[in-house]
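Now for the letters of each chain:
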Amino acid sequence: MTASRLFQRSGPLILLAVLLVLLSLFVPDFLGLRNLRGLMLSVTLVGTIAATMMLVLAMREVDLSVGSTVALAGVLTAVVIGATGSVALGVLAGLAGGTLVGLFNGVVIAGLKVNSLIVTLATMEMVRGLAFLVSGGESVAIPAEAFYALGSGSFLGINWPIWVMLLSFVVFGLVVNRTVFGRNILAIGGNPEAARLAGVPVTRVRVMVFALQGLAAAVAGIVLAARITSGQPNTSMGLELAVISACVLGGVSLSGGVATIGGVIVGVLIMGAAQNALNLLNVPTFYQYLVRGGILLVAVIADRLRQGGRLPTFRRRPAAAPNETSHA
Amino acid sequence: MTASRLFQRSGPLILLAVLLVLLSLFVPDFLGLRNLRGLMLSVTLVGTIAATMMLVLAMREVDLSVGSTVALAGVLTAVVIGATGSVALGVLAGLAGGTLVGLFNGVVIAGLKVNSLIVTLATMEMVRGLAFLVSGGESVAIPAEAFYALGSGSFLGINWPIWVMLLSFVVFGLVVNRTVFGRNILAIGGNPEAARLAGVPVTRVRVMVFALQGLAAAVAGIVLAARITSGQPNTSMGLELAVISACVLGGVSLSGGVATIGGVIVGVLIMGAAQNALNLLNVPTFYQYLVRGGILLVAVIADRLRQGGRLPTFRRRPAAAPNETSHA
Amino acid sequence: MGGRRPASAAADADQRHGHHPRHLSRPAGPGSGGVTALLEYAGVGKVFPGVVALDGVSFTVAGGEIRALIGENGAGKSTLLKILSGQYQPDSGTLLVDGVARRFAAPRDSRDAGIAIIHQELQLAPDLSVAENLMLGALPGRFGLVDRRALRRQALAVLERLGEPIDPDSRLGDLPIGRRQMVEIGRALLRDARVIAFDEPTSSLSARETTRLMAIIRQLRAEGRAIIYVSHRMEEVFALADSATVLRDGRHVFDAAPVGPDDEGRLLSAMAGRTIADIYDWRARASGDMAIALDAITGPGVTAPVTLSVARGEILGFFGLVGAGRSELFRLVFGAVPPASGAVAVGGAPLRPGDPRAAIAAGLALCPEDRKEEGIVPLASVRENVALAWRNRAGATPLLQDRAEKAASTDRIAQMRVKTASPEVAISTLSGGNQQKAIIARWLMADARVLLLDEPTRGIDVGARQEIYAHMYRFAEAGGAILFASSDMPEVLGVADRIVVMREGAISGIVARGDATPERLLRLALPDADAAAPHRMSA
Amino acid sequence: ASAPGDIRIGFLVKQPQEQWFQDEWRFARAAARRHGFSLIAIGAEDGDRVLSALNTLYARFAQGFIICAPDPRLGPAIAGFAADTGLKAMSVDDRLTGADGLPIAGIPHVGISARKIGALAGAAAAAEAKRRGWPIGETGILRISFDSLETGRERLLGAVEALQAAGYPASAIFSAPQRTTDTEGAFSAASPVLTARAGIDRWIILGLNDETVVGGVRAAEGLSMAAANIIGVGIGGSEVAIADLAKPRPTGFYASVLLSPRRHGYDTALAMYEWVGDGRRPPPLTLTSGTVITRDTYRDLLAREAAA
Ligand SMILES: Nc1ncnc2c1ncn2[C@@H]1O[C@H](COP(=O)(O)OP(=O)(O)OP(=O)(O)O)[C@@H](O)[C@H]1O
Ligand SMILES: Nc1ncnc2c1ncn2[C@@H]1O[C@H](COP(=O)(O)OP(=O)(O)OP(=O)(O)O)[C@@H](O)[C@H]1O
Ligand SMILES: O[C@@H]1[C@@H](O)[C@@H](O)CO[C@H]1O
Ligand SMILES: [Mg+2]
Ligand SMILES: [Mg+2]
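Note that the coordinates shown come from a computational prediction; the quantities given were computed from them, not determined experimentally.

*Asks:* Go over empty space enclosed by the protein, please, and point to the residues and values.
*Replies:* Per the stated rule, a full pass over the model turns up 15 cavities of 30 Å³ or more. Counted as a void, the second largest cavity has a volume near 160 Å³. Leu197(B), Ala116(C), Ile117(C), His119(C) and Arg191(C) are, among the 14 residues lining the second largest cavity, the residues nearest its centre. At the level of elements, helix H3 (107-112), strand E7 (115-118) and helix H6 (177-190) of chain C are the ones that each hand at least two residues to the lining of the second largest cavity. Split by residue class, the lining of the second largest cavity holds seven nonpolar, three polar and four charged.

The following block contains the structure:
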């Protein structure tokens with residue numbers, strides 16, 4: 001890796017470091033133990049899903065339905081626990097529901113070859129509707145206090161939701177770096193036709209990635225339900241935005257083919273630290289919209305500049321089209 | 001135009017006709033004058049913006065910030081009317097605000113060559129924040145009854161909002177079919193590099209289209225403010241989904257280069273009629289999520305099938321790459 | 001191709017004709033009379049990261065002159081034209097039009113200066129009408145409204161001049177490729193440009209269309225326009241050009257005017273930088289039992305059933321004109337596209353149709369024609385690219401086997417002599433020839449026994465070509481079978497053991513190496529050849 | 001900045017952009033200023049954000065918080081958090097429920113008596129219709145509903161009960177479920193229902209707050225119904241209601257039930273301050289009532305409220 005590439009790569013890390021220094025200097029209470037734990041907890045939802053979103057983006061696709069899936073999984077879990085009294089069955093139902101949503105996305109996108117942006121925009125609505133239907137439109141109380149431990153309990157002093165997020169980072173970090181499946185994802189993102197002709201089972205990989213994304217969203221949804229002790233059909237609206245922002249901040253390219261789990265972790269932390277600081281500083285919610293949107297904008301422009309002239313690879317002649325716009 | 005193409009084209013029209021017949025048969029009062037007027041009124045918001053969204057999609061871009069822009073324009077109008085007492089100044093402020101948002105989108109997307117999905121996802125948030133800031137977070141009453149006429153008044157028995165929507169259809173229909181600018185949009189959507197080499201001012205056209213989209217959203221936002229006699233910072237969340245659905249339903253291809261205003265009108269009416277029927281039949285809100293998402297999904301799959309083997313035009317071998325996914 | 005560096009450029013200058021072009025005689029095209037050139041390149045240079053694309057190129061084109069621009073792939077021809085069209089700006093030197101130095105910041109400026117380019121890649125908008133495409137960028141209109149009548153009138157006029165019976169209102173994307181090319185040419189005519197440059201215009205034209213185009217170009221010359229004509233086809237150059245400029249490695253190495261078939265040897269050696277010895281070096285090989293059999297295959301692009309079999313150790317060449325159906329046949333055999341009918345058997349076992357993974361499992365490998373679109377994963381490393389098929393072979397473990405993979409891929413990379421700084425750099429940094437070799441290495445690593453090579457030497461310089469041939473022979477000697485498609489007749493004649501000629505989606509003849517002559521192949525390949533021998537199937 | 005000793009109190013609301021909550025915050029800040037504690041106001045629109053907000057309060061060493069949660073069923077999570085961290089918790093507006101679905105006893109609550117206030121609105125509408133001489137058989141009742149919220153359901157229940165007591169049949173009631181509790185949501189929900197009942201020319205319009213009723217009224221006016229044929233009665237007495245009541249010509253928005261954001265904001269913040277400071281625990285349940293205001297009465301009644 002050349003020095004300039006190293007710099008490119010570590011751009012997000014530097015940003016995070018600078019941010020952390022600034023925050024600890026200027027934001028009261030930022031470095032407190034209480035706050036750091038709160039910060040970690042606050043990114044668990046985004047973090048747990050970001051690792052699989054990284055896979056989706058690396059494949060040059062996008063999934064907007066994750067927020068709804070989080071809601072559906074939480075509601076399913078709550079309803080089933082309520083009906084059966086069994087935490088295990090509830091969790092299973094939540095996991096199955098989320099995975100099925102992902103599978104559905106994957107089959108339509110990869111099988112019918114339809115644009116993932118629109119498909120997941122549609123399933124975002126539909127799954128939200130399902131969440132409302134399953135819950136009867138209201139949030140569902142979970143009558144099993146044992147289940148709450150998943151949200152508020154801890155192990156070795158670290159809360160369970162944080163463990164779950166770390167697990168997601170580790171597992172999908174390994175997947176992308178150490179498995180044939182993971183490398184195939186990057187190959188598909190880089191050049192799907194070349195991958196297909198080299199024997200990569202493109203459709204199967206695509207479906208799998210979306211199914212995993214559904215599964216991760218389900219896990220996140222179940223943990224969230226445990227944290228908020230109920231299944232909320234209207235939770236996590238706009239979550240997809242935060243997750244995609246975190247990935248883009250972490251250097252996942254929207255033109256596919258590039259992904260590092262380290263970058264994603266940094267991206268998640270940047271998002272979390274920024275949001276945390278806004279909270280600590282008591283910045284009114286309205287400004288927070290501006291800041292959230294602004295962070296994403298800066299990230300994507302930086303992504304663009306970092307790539308320099310590099311254009312998305314689905315254009316036929318990358319080098320010869322300097323005035324092209326990049327499309328995901 | 002061959003018979004089969006004619007059929008392809010009129011697919012949405014047939015769908016609309018069938019829908020209308022069914023509705024008039026099964027839904028009481030559907031054909032009543034008040035209902036028809038209500039139906040038309042109910043689609044004015046989506047309709048006014050759909051024509052410019054058609055241009056954006058035909059250029060193989062997307063704009064998710066329209067809902068926020070509607071809110072910002074309404075709020076700006078309300079605040080300025082409140083401050084100056086002048087309706088004209090208020091309307092001007094609204095129009096300027098929306099157009100600036102569009103211009104900003106266009107400059108970032110076309111000038112810096114950044115992915116329009118992400119850019120407008122970011123500006124969607126930021127503009128919403130601006131709307132909250134401008135309004136101080138609350139809805140802003142408009143102290144000028146003259147202004148309300150734009151919302152509830154009528155001309156030749158047709159309400160002003162409907163006139164505005166029709167105007168948008170006519171103007172942008174003419175633009176896309178009859179002007180050099182409009183044909184350039186289609187050329188860019190079909191093959192941006194070719195357009196550039198032929199001397200089409202690609203960047204300028206792109207910026208213009210986004211600016212027009214902002215302008216149309218502003219018009220729609222001002223009319224909406226007149227209808228509800230106040231500027232609402234949190235209005236029209238999720239509107240972009242409805243607008244894109246209407247376009248896709250009307251046969252605008254997500255792979256760019258194809259757009260007919262007739263199709264878009266039909267798409268808008270299908271959406272409106274379906275929603276109207278759901279309401280008349282008293283379908284619970286939850287199912288409406290499902291139906292809305294379902295309609296979009298069906299539309300995009302139909303779009304895919306309608307294209308048959310025809311893949312996005314940047315692929316070399318039209319018939320020979322059945323395993324390719326199309327990306328907008 | 002890429003990878004040329006300024007420093008090393010001088011080192012290989014053994015046979016070069018000197019830095020200054022040698023003029024056989026003054027350019028004196030008919031009608032020019034030797035006055036001020038309409039167009040002049042004066043010391044034009046252009047550098048891309050890591051590549052000197054053009055290095056001080058100077059030549060002129062007078063009104064009424066057709067100047068051929070020739071050179072190997074990557075010599076810099078298209079770059080010269082892109083500077084003329086305003087797509088690129090030169091790093092040094094100047095471009096003069098009518099004796100005035102010009103610098104085009106954008107394609108519009110070039111157009112406004114009376115210059116038209118027919119690009120190597122078709123540059124058309126598929127969803128607009130033919131008429132709109134003809135006038136794209138300059139649609140006639142008043143107050144921004146398109147003047148439809150003027151549009152139609154002008155389109156009809158130019159289509160008539162082209163001799164093309166095309167409806168100006170039809171959608172461009174619905175036209176066959178040759179017609180589209182004619183539309184692109186029509187656009188240049190419509191602009192009434194004084195300088196017109198053609199970048200390989202005939203690569204997708206039929207013989208009839210080519211003849212028609214030649215007549216049009218001669219007429220343009222008679223009207224006093226300056227014309228640059230880029231082509232790899234020497235026959236066309238000799239038939240049309242008044243003068244020729246040869247580029248090599250971005251340098252202007254040779255000029256000839258007038259130019260005729262007698263100059264061929266000199267032109268070729270100027271292009272290659274050395275006299276071309278026998279780069280094919282074919283030797284007889286023993287062939288074994290049947291490796292692959294095609295049984296009545298049809299599908300998109302292959303209209304008549306193709307039945308063939310290839311033995312182990314055999315190299316079967318496929319010759320044909322553009323669009324003859326060779327690429328499509330290969331894709332059908334490999335399963336990249338499901339065949340409409342017919343079957344493929346490898347080593348006697350039938351292959352699941354339409355499934356590349358099944359084909360790979362049976363030992364098939366496809367090196368596609370379009371390396372960039374279908375071959376490489378550009379951002380991935382050379383190693384990843386080479387290992388891609390191996391990783392996905394049947395029965396592979398889901399976890400990466402780093403050590404085994406590294407060893408095997410390094411071996412194959414060395415074996416194919418892929419020139420790369422390290423196996424870990426992105427494959428897109430390699431020159432085209434080395435990318436091609438890496439793709440072949442991919443299949444060696446995956447243990448392919450039947451290679452389908454589609455235009456394996458397109459875009460590849462002579463040295464690399466020779467190496468690829470050597471590898472093909474070695475592969476065949478080791479018991480592999482090769483099907484290779486090429487549009488380069490000498491290559492087919494030089495490398496193949498047996499030659500299949502295709503024409504319009506069907507086999508028009510199969511010729512043994514000993515019986516193959518250029519005339520015979522051409523007669524079989526040309527659509528209007530009435531003497532096509534009845535196609536006989538080989539055993 | 002975390003000097004122990006100074007008292008910090010959090011005030012979390014579910015919809016920071018809604019005027020009601022802005023008013024609550026405004027009054028709570030006034031209490032903080034007057035009594036010298038600091039108030040940390042945070043908007044928390046969903047469960048995840050509630051938890052973030054609570055963690056923020058904890059990190060900033062707040063000692064207690066008042067919350068109108070986006071969902072009452074966040075109760076166990078909120079109560080659990082309070083128990084774990086020792087923060088004192090109080091709810092306002094919407095009462096938290098436990099895993100068993102019953103109100104959590106340990107969390108003091110200040111809220112309106114939703115059903116009673118709804119009944120006030122319903123009765124006001126019935127009286128006005130009677131005054132205008134509307135025949136019961138020709139009047140429609142538009143119930144713009146947001147039934148997933150308990151207080152919303154209760155308010156409308158009260159209103160409908162009052163109307164039924166005045167003789168309106170159940171068949172005259174038409175529900176328009178809204179997606180959001182703002183004007184736009186109500187507007188979109190009401191339009192199609194009004195459109196569909198072309199035969200009914202006189203409408204009573206009810207909803208859980210002023211924004212909602214204004215949306216319904218605008219929808220009716222947009223369908224060219226005269227203001228004289230519309231009776232909208234909102235709940236809140238918020239600025240949108242005042243704006244309509246203040247218009248020079250009467251609109252279809254007839255009246256609102258004035259609630260007291262002062263009591264919900266100022267009094268709760270003060271109660272929490274005293275709880276933290278002197279350990280004086282607030283009463284487990286405080287219910288506030290409302291007053292009907294119309295074009296004719298709103299000025300006086302508002303002045304009286306401001307003076308309180
Ligand atoms: N945009 C670019 N970026 C980097 N290198 C480039 C670019 N365009 C061209 N080159 C390089 O410049 C050299 C000249 O390319 P050019 O396309 O002009 O060749 P050519 O003579 O037209 O070849 P061909 O016969 O294959 O069309 C090649 O090495 C090519 O790789
Ligand atoms: N670039 C292209 N765009 C559209 N159609 C094409 C293109 N190239 C080839 N075709 C079509 O595909 C069919 C078969 O072409 P194929 O590529 O198999 O021929 P080929 O003999 O390999 O020639 P070549 O590869 O030199 O083009 C023809 O009908 C041709 O019109
Ligand atoms: O949403 C309502 C709000 O409008 C106000 O009336 C107070 O109670 C809340 O539940
Ligand atoms: Mg070239
Ligand atoms: Mg070919």
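Still more ground to cover, so stick around.
*Asks:* Requested: an account of a nonpolar patch on the surface, with residues and values cited.
*Replies:* Residue and element names in this part refer to chain A. Side chains of Ile14, Val18, Val21, Leu22, Leu25 and Phe26 sit close together on the surface and give an oily, nonpolar patch of about 590 Å² of accessible area. Among the secondary structure elements, valine 18 is positioned in helix H1 (residues 3-26). Judged by its relative accessible area of 43%, valine 18 falls in the partly exposed class.

*Asks:* Summarise helix H6 (residues 145-152) of chain B; cite the residues concerned and give the values.
*Replies:* All names here are of chain B. Within H6, burial applies to Phe147, Tyr148 and Gly151. Each buried residue of H6 sits inside an arc of 105° when the element is viewed along its axis, so together they form one side. Buried residues in H6 make contact with helix H3 (66-84), helix H4 (87-111), helix H7 (160-178) and helix H10 (202-228).

*Asks:* Got a sec to walk through the coordination of the magnesium ion (ligand 5)? Specific residues and values, please.
*Replies:* Ideal geometry at a metal centre gives angles of 109.5 degrees when four donors are arranged tetrahedrally and 90 or 180 degrees when six donors are arranged octahedrally. All names here are of chain C. Taken together, the protein ligands of the magnesium ion (ligand 5) are Ser327 (OG) and Glu369 (OE), with distances of 1.8 to 2.6 Å. Of this pair, serine 327 sits in helix H10 (residues 326-334) while glutamate 369 sits in the loop between strand E19 (364-367) and helix H12 (371-375), and the two are 42 residues apart along the sequence. A residue is classified by how much of its surface remains accessible, and serine 327, at 10% relative accessible area, is buried.

*Asks:* Lay out the site of ligand 3 in plain terms, naming residues and giving numbers.
*Replies:* All names here are of chain D. The environment of ligand 3 is formed by Lys14, Glu18, Trp20, Asp94, Leu149, Thr151, Arg155 and Asn209. Between ligand 3 and lysine 14, the relevant distance is 3.1 Å, taken from an oxygen atom to a side-chain nitrogen or oxygen of the residue. Interatomic distance of 3.1 Å between a side-chain N/O atom of asparagine 209 and an oxygen atom of ligand 3. Compared with its free state, where it exposes 270 Å², ligand 3 has 97% of that area covered by protein.

*Asks:* Before we move on, can you summarise the packing of aromatic side chains with the specific residues and values?
*Replies:* The tally for this structure, following the rule as stated, stands at 15 aromatic pairs over all chains. Pairing Phe155(B) with Trp160(B) gives two aromatic rings, centres 5.5 Å apart and planes at 10°, and the pair type is stacked. Under the relative-accessibility criterion, Phe155(B) is labelled partly exposed at 40%. Judged by its relative accessible area of 34%, Trp160(B) is partly exposed. In this structure an aromatic cluster arises from ring pairing among Phe155(A), Trp160(A) and Trp163(A). Its end group placed over the ring of Tyr289(B), Arg292(B) keeps NZ or CZ at 5.3 Å from the ring centre. It is Arg393(C) that lies over the ring of Trp390(C); its NZ or CZ is 4.2 Å from the centre.

*Asks:* How would you explain the UniProt feature "transmembrane region" (unreviewed entry) in chain A if you had to name every residue and give the values?
*Replies:* Residue and element names in this part refer to chain A. In this numbering, the UniProt entry assigns the feature "transmembrane region" (unreviewed entry) to residues 12-33, 39-58, 70-96, 146-176, 207-229, 241-274 and 286-305. A distance of 12 Å separates the end C-alpha atoms of residues 70-96, which is 93% helix and 0% strand. The span residues 146-176 carries 77% helix and 13% strand; its end-to-end C-alpha distance comes to 35 Å.

*Asks:* Please set out the sheet that holds strand E15 (residues 302-311) of chain C residue by residue, giving values where relevant.
*Replies:* Residues and elements named next belong to chain C. Taken in spatial order, the four strands line up as E15-E14-E17-E18 in an open sheet, and their pairing is antiparallel. Single-partner strands in this sheet number two, and they are E15 and strand E18 (349-350). In this structure, strand E14 (residues 290-299) lies alongside E15, joined through six bridges in antiparallel fashion. Residue pairing across strands places leucine 294 opposite leucine 308, the latter belonging to E15. Here H10 sits on the sheet in contact with E14, E15 and strand E17 (341-346), set at roughly 110° to E14.

*Asks:* How would you sum up the interface of chain A and chain D? Please name residues and give values.
*Replies:* Contact with chain A, which involves 34 residues of that partner, is made by 35 residues of chain D. Of the roughly 2,700 Å² buried between chain A and chain D on both sides combined, carbon and sulfur atoms contribute 48%. Put simply, chain A and chain D have one salt bridge between them. Linking chain A with chain D are seven residue pairs in polar contact (both at pLDDT 80 or more). Those elements giving two or more residues to the side of chain A that touches chain D turn out to be helix H2 (33-42), strand E1 (140-141), helix H7 (145-152), helix H11 (202-228), helix H13 (261-280) and helix H14 (285-307) of chain A. Among the elements that make up the side of chain A that touches chain D, the one with the highest residue count is H2(A) (six residues). Among the residues making up the side of chain A that touches chain D, the classes are represented as 14 nonpolar, 13 polar and seven charged.

*Asks:* Could you give an account of the pattern of salt bridges, with specific residues and numbers?
*Replies:* Tallying each qualifying case throughout the model produces 54 salt bridges over all chains. Its salt-bridge partner being Arg67(C), residue Asp255(C) comes within 3.3 Å of it at the nearest N-O pair. Of the two residues, Asp255(C) sits in strand E13 (residues 251-256) while Arg67(C) sits in strand E4 (residues 66-71), which places them 188 residues apart along the sequence. Between Asp46(D) and Arg49(D) there is a salt bridge; the shortest N-O distance is 3.9 Å. Taking the relative accessible area as the measure of exposure, Asp46(D) reaches 6% and is therefore buried. Taking relative accessible area as the criterion, Arg49(D) reaches 33% and is therefore assigned partly exposed. When salt bridges with common partners are traced through the structure, they connect Arg178(A), Arg183(A), Arg383(C), Glu384(C), Arg391(C), Asp402(C), Glu405(C) and Glu424(C) into a single cluster.

Here is what the cut-offs are and how they apply
Residues numbered from 1 in each chain as written. Chains lettered and ligands numbered in written order. Predicted model: local features only at pLDDT ≥ 70, side-chain atom pairs only at ≥ 80, totals over all residues. Heavy atoms only, no water. 1 Å grid on protein atoms, 1.4 Å probe; cavity = no way out; pocket = protein on both sides within 12 Å on 5 of 7 lines; lining within 4 Å. Points joined across faces, edges and corners; volume = space filled by probe spheres on them. Helix = DSSP H or I, 4+ residues; strand = E, 2+ residues; numbered from the N terminus. Nonpolar A, V, L, I, M, F, W, Y, C, P; charged D, E, K, R; others polar. Patch = residues over 30% accessible without salt bridge, like charges linked within 9 Å, V, L, I, M, F, W, Y side chains within 5 Å. Areas by Shrake-Rupley, 256 points an atom, 1.4 Å probe, with all protein chains shown as cover. Salt bridge = Lys/Arg side-chain N within 4 Å of Asp/Glu carboxyl O. Buried < 20%, exposed > 50% of the residue type's maximum accessible area, 1.4 Å probe, protein only. Arc of directions from axis to C-beta. Contact = heavy atoms within 4.5 Å. Donors = N, O, S within 2.8 Å, 3.2 Å for Na, K, Ca; no water. Near = heavy atom within 4 Å. Polar contact = N/O pair within 3.5 Å; in protein donor to acceptor, adjacent residues only side chain to side chain. Phe/Tyr/Trp six-rings, centres within 6.5 Å; stacked < 30°, edge-to-face > 60°. Lys NZ or Arg CZ within 6 Å of the ring centre and 35° of its normal. UniProt positions renumbered as here; feature names shortened; annotations may be inferred. Pairing = 2+ DSSP bridges. Axes fitted to C-alpha atoms, helices over the stretch in contact; angles between N-to-C directions. Buried area = accessible area lost by both parts, 1.4 Å probe.

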